[in-house]
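Spelled out, the chains give:
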Amino acid sequence: GEDVEQSLFLSVREGDSSVINCTYTDSSSTYLYWYKQEPGAGLQLLTYIFSNMDMKQDQRLTVLLNKKDKHLSLRIADTQTGDSAIYFCAFTGGGNKLTFGTGTQLKVEL
Amino acid sequence: EPEVTQTPSHQVTQMGQEVILRCVPISNHLYFYWYRQILGQKVEFLVSFYNNEISEKSEIFDDQFSVERPDGSNFTLKIRSTKLEDSAMYFCASSEGQGGTDTQYFGPGTRLTVL
């Protein structure tokens, strides 16, 4: 079955860049997503990338996809305290089912 | 901005009891989903629903689970006889269509605690 791995924790200082990484095993992934989960809240879609793209930039967010290594990353520029949350990568291989990664807890320190 | 809502936010039940978790998807959406997240674990797909029938389900979604769209606005998940291991956060989601760019919008979740 699909396996999507992320590192559990990341701590950065306010104003620095954050890079959250994700590796996956399913090569049929069509769309890859990043979701954000704040405490007590649902999952908020941040951005997505189609599998034939290498990079996508959306304001402070940059998504990089290395299909050869099956590696996806999310870079947050100028990280703010409001960015503290759990970040999940997710993908759909076919159909609508989302497969989520293990989640990375980002802590932003002053 | 339209959003997915879920009730209750927290449900406590005794093992063996039936529970119904309720969701109101976004009004023009046609595809509905349930996911769950056991504490400290990843979010897992349970079931997707379209045109009044299940379109896909995971191996977690056994005979103890059922889904229903009883009227034009609600989408429910029923667990017939709850087990301790059903304790989790349950998320409802909806999307306008299917396919990768049809974003799934998630509700805030219902925390189910089975004692």
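This is a predicted model, so every value here is computed, not measured.

Draft legend 1. Seen up close, the pattern of salt bridges. All names here are of chain B. All chains considered together, the criterion is met by 5 salt bridges over all chains. One salt bridge in this structure joins glutamate 44 and arginine 36, with 3.3 Å as the shortest N-O distance. For arginine 36, a relative accessible area of 10% corresponds to the buried category.

Draft legend 2. Geometry of the sheet that holds strand β6 (residues 55-58) of chain A. Residue and element names in this part refer to chain A. Across the sheet, 5 strands lie side by side as β1-β3-β8-β7-β6; this open sheet has antiparallel pairing. Two strands close off the open sheet at either side, each with one partner strand: β1 (4-6) and β6. Direction aside, the axes of adjacent strands within the sheet are offset by 15° on average. The pairing of β6 with strand β7 (residues 61-66) spans 4 bridges and is antiparallel. Looking at β7, one finds that glutamine 57 is bridged to threonine 62.

Draft legend 3. Highlighting the side chain of B:Gln64. Residues and elements named next belong to chain B. Structurally, the position occupied by glutamine 64 is in the loop between β6 (53-57) and β7 (65-68). At 3.1 Å, the side chain of glutamine 64 forms a polar contact with the backbone nitrogen of serine 81. Filtering out sequence-adjacent residues up to four positions away, glutamine 64 remains in contact with Lys78, Ile79, Arg80, Ser81 and Lys83.

Draft legend 4. Focus on the sheet that holds strand β1 (residues 5-7) of chain B. Residue and element names in this part refer to chain B. The strand order β1-β3-β8-β7 describes an open sheet built from 4 strands, whose pairing is antiparallel. The open sheet has two edge strands with one neighbour each: β1 and β7. Recorded for the sheet is a direction-independent mean angle of 20° between the axes of neighbouring strands. Pairing between strand β3 (residues 19-24) and strand β8 (residues 75-79): 5 bridges, direction antiparallel.

Draft legend 5. Region of the structure containing the layout of surface pockets. In this structure, the largest pocket encloses a volume near 480 Å³. In terms of lining residues, the largest pocket is bounded by 23 residues, among which A:Gln37, A:Ile86, A:Phe88, B:Gln37 and B:Gly40 are the most central. Those elements giving two or more residues to the lining of the largest pocket turn out to be β9 (85-92) and β11 (104-109) of chain A. Its residues assigned to classes, the lining of the largest pocket comprises 11 nonpolar, 10 polar and 2 charged. In this structure, the second largest pocket occupies an estimated 380 Å³ of space. Around the second largest pocket, the lining comprises 18 residues; the ones closest to its centre are A:Leu43, A:Gln44, B:Glu1, B:Tyr105 and B:Phe106. Broken down by secondary-structure element, the contributors of at least two residues to the lining of the second largest pocket are β4 (31-37) and β5 (43-50) of chain A together with β10 (105-106) of chain B.

Draft legend 6. Spatial organisation of the state of the cysteines. Applying the stated criterion to the full structure yields 2 disulfides over all chains. A disulfide bridge connects A:Cys22 with A:Cys89, and the sulfur atoms are separated by 2.0 Å. Negative torsions about the S-S bond denote left-handed disulfides, and the value of about 70° found for A:Cys22 with A:Cys89 makes this one right-handed. With A:Cys22 in strand β3 (residues 18-24) and A:Cys89 in strand β9, the pair connects residues that are 67 residues apart, well separated along the chain. A:Cys89 gets classed as buried once you look at its relative accessible area, which sits at 1%. A sulfur-sulfur distance of 1.9 Å marks the disulfide that ties B:Cys23 to B:Cys92.

Draft legend 7. Looking closely at the pairing of strand β4 (residues 31-37) of chain B. Residues and elements named next belong to chain B. Counting buried positions along β4 yields 7 of 7 residues, so the element is predominantly enclosed. Side-chain alternation along β4 places Tyr31, Tyr33, Tyr35 and Gln37 on one buried face and Phe32, Trp34 and Arg36 on a second face that is also buried. With 7 bridges joining them, β4 and strand β5 (residues 43-50) adopt antiparallel strand pairing. Within β5, the position partnered with tryptophan 34 by the bridge is valine 47. What sits between β4 and β5 in their antiparallel hairpin is a turn of 5 residues, with glycine 40 showing a positive phi close to 80°. Pairing geometry for β4 and strand β9 (residues 88-95), over 7 bridges, is antiparallel. What sits directly across from phenylalanine 32, in β9, is serine 94.

What counts and how
- Residues numbered from 1 in each chain as written.
- Chains lettered and ligands numbered in written order.
- Predicted model: local features only at pLDDT ≥ 70, side-chain atom pairs only at ≥ 80, totals over all residues.
- Heavy atoms only, no water.
- Salt bridge = Lys/Arg side-chain N within 4 Å of Asp/Glu carboxyl O.
- Buried < 20%, exposed > 50% of the residue type's maximum accessible area, 1.4 Å probe, protein only.
- Pairing = 2+ DSSP bridges.
- Helix = DSSP H or I, 4+ residues; strand = E, 2+ residues; numbered from the N terminus.
- Axes fitted to C-alpha atoms, helices over the stretch in contact; angles between N-to-C directions.
- Polar contact = N/O pair within 3.5 Å; in protein donor to acceptor, adjacent residues only side chain to side chain.
- Contact = heavy atoms within 4.5 Å.
- 1 Å grid on protein atoms, 1.4 Å probe; cavity = no way out; pocket = protein on both sides within 12 Å on 5 of 7 lines; lining within 4 Å.
- Points joined across faces, edges and corners; volume = space filled by probe spheres on them.
- Nonpolar A, V, L, I, M, F, W, Y, C, P; charged D, E, K, R; others polar.
- Disulfide = S-S within 2.5 Å.

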